[in-house]
Amino acid sequence: LAQAILAQAQNQQGIFPHHSSNRLASRRLTPAVMGQSECKGLSTSDATTDTVKVNVGGTLLADAAGAAQTSPKHPAAEEQLRCQKEEVKEKQLRQECEEEERRRQEAEEQQRLERERAEEQLRLEHVRAAEAQARQEQCLREEAERAECEAAEKVAAEAATRRAENDRKCAAEEQARKEAQEKVDVFLKAKGFKTMSMPRTSCFTASYPLHVAVQENNAGLVSALLLSGADKKVKNSTGKTPLEAAEKLNKKGSHAAVMAALG
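Quick notes on the rules
- Residues numbered from 1 in each chain as written.
- Predicted model: local features only at pLDDT ≥ 70, side-chain atom pairs only at ≥ 80, totals over all residues.
- Heavy atoms only, no water.
- Helix = DSSP H or I, 4+ residues; strand = E, 2+ residues; numbered from the N terminus.
- Buried < 20%, exposed > 50% of the residue type's maximum accessible area, 1.4 Å probe, protein only.
- Contact = heavy atoms within 4.5 Å.
- Arc of directions from axis to C-beta.
- Polar contact = N/O pair within 3.5 Å; in protein donor to acceptor, adjacent residues only side chain to side chain.

Here we look at the overall build of the protein
Link 1 in the chain: Looking only at helices and strands, the protein has eight helices and two strands in total.
Link 2 in the chain: Moving toward the C terminus, one meets the helices and strands of the protein in the order α-α-α-α-β-β-α-α-α-α.
Link 3 in the chain: Each of the 263 residues in the protein was classed as buried or not, and the buried ones make up 14%.
Link 4 in the chain: Considering only intrachain contacts with a sequence separation of at least 6, the fraction spanning at least 24 residues in the protein is 53%.

Section: helix H6 (residues 219-227)
Along an α-helix, residues three or four apart share an orientation, since each turn contains 3.6 residues.
Link 1 in the chain: The set of residues buried in H6 consists of Leu 221, Val 222, Ala 224 and Leu 225. The arc that holds every buried residue of H6, seen down its axis, measures 165 degrees, which confines them to one face.
Link 2 in the chain: Taken together, the buried residues of H6 touch helix H4 (75-191), helix H5 (209-215) and helix H8 (256-262).
Link 3 in the chain: Near the N-terminus of H6, the side chain that reaches the backbone nitrogen of Gly 220, with its oxygen 3.4 Å away, is that of Asn 218.
Link 4 in the chain: Directly beyond the C-terminal end of H6, a positive phi value near 110 degrees is found at Gly 229.

Right, here's the structure in full:
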C-alpha cells in the first residue's frame, strides 16, 4: 500500500525514478562534457548530485509514509481491533467476576468454618457443664448415701448399746434378785417365817418379815425383801407400815438407810 501511494505521488508531481534522473542529467551535461572548460572533473557520479538524489528519494518516502499514516483505516481492521478490545475487556471483566466469586466463596467458607468452630465450642461447653453437673449430683448422692449409712450405723450402734446396757442391767437385776432371794430365804428360815406375805404371830401380836428387818435396822435385808417382792404397804398388829415403824425407831438418823430403802 505504501509503495502504491509513493508511485501515485511521483506520477502527480512529475518525479521519475532514480535511473530516469540519471539519464536526464547525462543529457543535460553532454555539452559541458564536450567543452570540458567549464565543467572539468564533473561526472555522473558526482557526490553532490548523488546527495541531491538521495534527499529527493528520502523526502518522497517520508511523504508517502505520512500519507499512509494519515490515510483512513480499513473498516474490517477497525472492526477486528474493536472486537479484540471488547474481548480483552470481557476477559478482564470475567476474571474480575471470577476473582470476586472466589473471594466470596472463601469468605463464606471462612464464615462456615468459624460458625462450626463456635458451634463445636458451644457443644463442648454444654458437654463439660453437663458432666460437671453429673459429677456434682453424683457427689451429692454419694454424700447423702454416706450420711444415711452413717446415720443408720449410728442408730444401729446406739440400739446395740442400749440392748447391751439393758442386757447388762437385766443380768445385774437378775443376779441381784437371785442373791436377794437367797438372802431372804436364809432370813425367813432363821426368823421362823414361812413366806414373805405371811406374818409371824406371837402373844396376840403379828409382824411381817419387812417389819422385823426394820426393827433390826438392816437396810440390805430391807432392800432384799423389797427386791424379792415384799409388800412395803403391809401393816403390823399395831397398824403401822414398815416405813412408819422405821420413823418411830429413828433416833438422830439411826434408821436413815432403812427409811431411804423404803422410800
